[in-house]
Amino acid sequence: MGEPEPTAPAGHVPVLLDRVLELLAPALDRAGAVLVDATLGLGGHSEALLRAHPGITLVGLDRDRQALRLSAQRLAAYAGHTHLVHAVYDQLPRVLDELELPRIDAALFDLGVSSMQLDLTERGFSYAQDAPLDMRMDEEDPLTAEEIVNSYPVPQLARVLRDYGEERFALRIAQAIGRRRAEHRLTSTAELAELVRQAIPAATRRTGGHPAKRTFQALRIEVNSELAAVEAAIPAALRALAVGGRIVVLAYHSLEDRIVKRSFAELALDRTPPDLPIRLAEAGPQIRLLSRGSEPATEEEIAANPRAASVRLRAAERIREAA
């Protein structure tokens, strides 16, 4: 007999839920509105949005089949107007084409690792629990964190830790991994976390949270090609937005947030030549920014939901079609 299917945690609270509802409401308060939840997860944001706007159609994407099963149970009451699709969010254009949805009214991205993935020890995302070095968001993908730490040349491994973890001691950590794997294959999150702790100078260990945090972030991003997916997905979602449509993105580290900021800035720019006395409509901004920079969570929200501590929210509304 197989293991019982896990259920959504009773205390699971979607990050910045009230703000997400507030920002997307104007785009969803119209007949036949289409919402894309590009990172469905356990379905918490989607459930609240469906409850607030019962007439909408939901397109929910997730690369994690376990998350899709759980969210399908959670959203069963809305099954008549939901499409839950096993896909990475950079596949959004294909999904919309297959569903014959040329335009959408709202898009939500809650980037990074989901609460379910963190909570399931055996998935190997957490440095706080011993588990196999996996970190795959889609368990059918071939590349695992174990494969990376045991097969990447030390300079390549250092680059991953530096570029994706913004780890100052990337080379020291990569060299320590290289020495250890020469003795035996690394397979355990606990062993890797302790190895990273030992590789970092003692003075640094005492500040900035768990010493392995940046290494685990970097490996997770590399395993799942997360930044490449964000680079493709945000512009694709912006292109799909109808006039009056809105997008909200929740990012949890600077690398993701930088990509979102750049994608938004490109379409928020007025490209009228500076020497013209009037603004050209066809050269004006395509989107209007709805957030001033990136919005953090309030102290109250962080106290109630610690996973909101690092979130940065950006939002925009399409105000005209592309020329």
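Residues numbered from 1 in each chain as written. Predicted model: local features only at pLDDT ≥ 70, side-chain atom pairs only at ≥ 80, totals over all residues. Heavy atoms only, no water.

Glancing now at the overall build of the protein. The secondary structure content of the protein amounts to 14 helices and 7 strands. A compact globule built from 323 residues should have a C-alpha radius of gyration of about 20 Å, and the protein, at 21 Å, falls within 12% of that. By principal-axis analysis of the C-alpha atoms, the protein measures approximately 65 × 60 × 40 Å. Residue burial in the protein is summarised as follows: out of 323 residues, 53% are buried. Sequence separation of at least 24 residues holds for 71% of the intrachain contacts in the protein that already meet a minimum separation of 6. As displayed, the protein has an accessible area near 15200 Å², and 52% of this comes from carbon and sulfur atoms. Side chains of the protein carry 39 positive and 46 negative charges; the gap between the two charge centres is 6 Å. (Helix = DSSP H or I, 4+ residues; strand = E, 2+ residues; numbered from the N terminus. Rg over C-alpha atoms; globule rule 2.2 N^0.38 Å. Buried < 20%, exposed > 50% of the residue type's maximum accessible area, 1.4 Å probe, protein only. Contact = heavy atoms within 4.5 Å. Areas by Shrake-Rupley, 256 points an atom, 1.4 Å probe, with all protein chains shown as cover. Lys, Arg positive; Asp, Glu negative; His and termini not counted. Charge placed at Lys NZ, Arg CZ, Asp CG, Glu CD.)

As a further point, take the nonpolar core. Where a protein is soluble and globular, its nonpolar side chains tend to be buried together. Within the largest apolar cluster, 37 residues are counted, with the highest numbers of intra-cluster contacts made by Phe109, Ile247 and Phe264. Those elements that provide at least two residues to this core are β1 (34-37), β2 (57-62), α4 (92-98), β4 (104-110), α12 (226-240), β5 (241-251) and α13 (254-268). No other element matches the 8 residues that α12 contributes to this core. Apart from residues lying up to four places away in sequence, Phe109 is in contact with Ala38, Thr39, Tyr89, Ala233, Ile234, Ala237, Ile247, Val248, Val249 and Leu250. (Core = buried A, V, L, I, M, F, W, Y, C linked by side-chain atoms within 4.5 Å.)

On the basis of which strands lie adjacent, the open sheet formed by 7 strands has the order β3-β2-β1-β4-β5-β7-β6 and mixed pairing. Since the sheet does not close on itself, it has two edges, and those belong to β3 (82-86) and β6 (287-289), each with one partner. Across the sheet, the mean angle from the axis of one strand to that of its neighbour is 15°, orientation sign disregarded. Both β5 and strand β7 (residues 312-318) contribute to a ladder of 6 bridges, which runs antiparallel. Residue pairing across strands places Ala251 opposite Arg312, the latter belonging to β7. Strands in contact with helix α1 (residues 17-28) are β1, β4, β5 and β7; relative to β5, the strand with the most contacts, it is inclined by about 165°. Sheet contacts for helix α3 (residues 65-74): β2 and β3; angle to β3, the most-contacted strand, approximately 165°. (Pairing = 2+ DSSP bridges. Axes fitted to C-alpha atoms, helices over the stretch in contact; angles between N-to-C directions.)

Here β1 shows no split at all, with Val34 and Val36 on one side and Leu35 and Asp37 on the other all buried. Note that β1 and β2 share 4 bridges and pair parallel. Bridging across to β2, Leu35 finds its partner in Leu58. Between the parallel pair β1 and β2, the chain is carried across by helix α2 (residues 44-52), and the sense of this crossover is right-handed. Direction of pairing for β1 relative to β4: parallel, over a ladder of 3 bridges. Opposite Asp37, over in β4, you have Leu108 as the bridge partner. (Right-handed = clockwise from strand over helix to strand, strands pointing away.)

For an α-helix the count is 3.6 residues per turn, leaving residues at separations of three or four pointing the same way. Here α13 spans 20 Å end to end across 15 residues, near enough to the 21 Å set by a 1.5 Å rise per residue. For α13, the set of buried residues is Leu255, Glu256, Asp257, Ile259, Val260, Ser263, Phe264 and Leu267. Contact partners of the buried residues in α13: α7 (154-165), α11 (213-224), α12, β5, β6 and β7. (Expected span 1.5 Å × (residues − 1).)

Tracing the backbone through its elements, the reader meets Val88 in the loop between β3 and α4. Expressed as a C-alpha distance, the spacing of Val88 and Leu70, which sit 18 residues apart in the sequence, is 17 Å. Once you skip the residues sitting within four places of it in the chain, Val88 turns out to touch Leu61, Arg63 and Ala229.

Moving on, we come to the side chain of Asn224. Mapped onto the elements of the fold, Asn224 is located in helix α11. A polar contact is formed between the side chain of Asn224 and the backbone oxygen of Arg220, at a distance of 2.9 Å. (Polar contact = N/O pair within 3.5 Å; in protein donor to acceptor, adjacent residues only side chain to side chain.)

Attention now moves to the pattern of salt bridges. What the rule picks out here adds up to 21 salt bridges. The network of salt bridges with shared partners includes Arg19, Glu22 and Glu295. (Salt bridge = Lys/Arg side-chain N within 4 Å of Asp/Glu carboxyl O.)

All right, on to the confidence of the model for the protein then. On average, the protein scores 90 in pLDDT, and the residues at 70 or more come to 91%. Within the model, pLDDT remains below 50 along residues 1-10, and this stretch shows 13 contacts once partners closer than five positions in the same chain are excluded. (pLDDT = per-residue confidence, 0-100.)

Okay, unusual backbone geometry next. Positive phi values are uncommon outside glycine, yet Glu166 reaches one of about 50°. The backbone phi angle of Ser225 is positive, close to 50°, even though this residue is not glycine. Within the secondary structure layout, Ser225 lies in the loop between α11 and α12.

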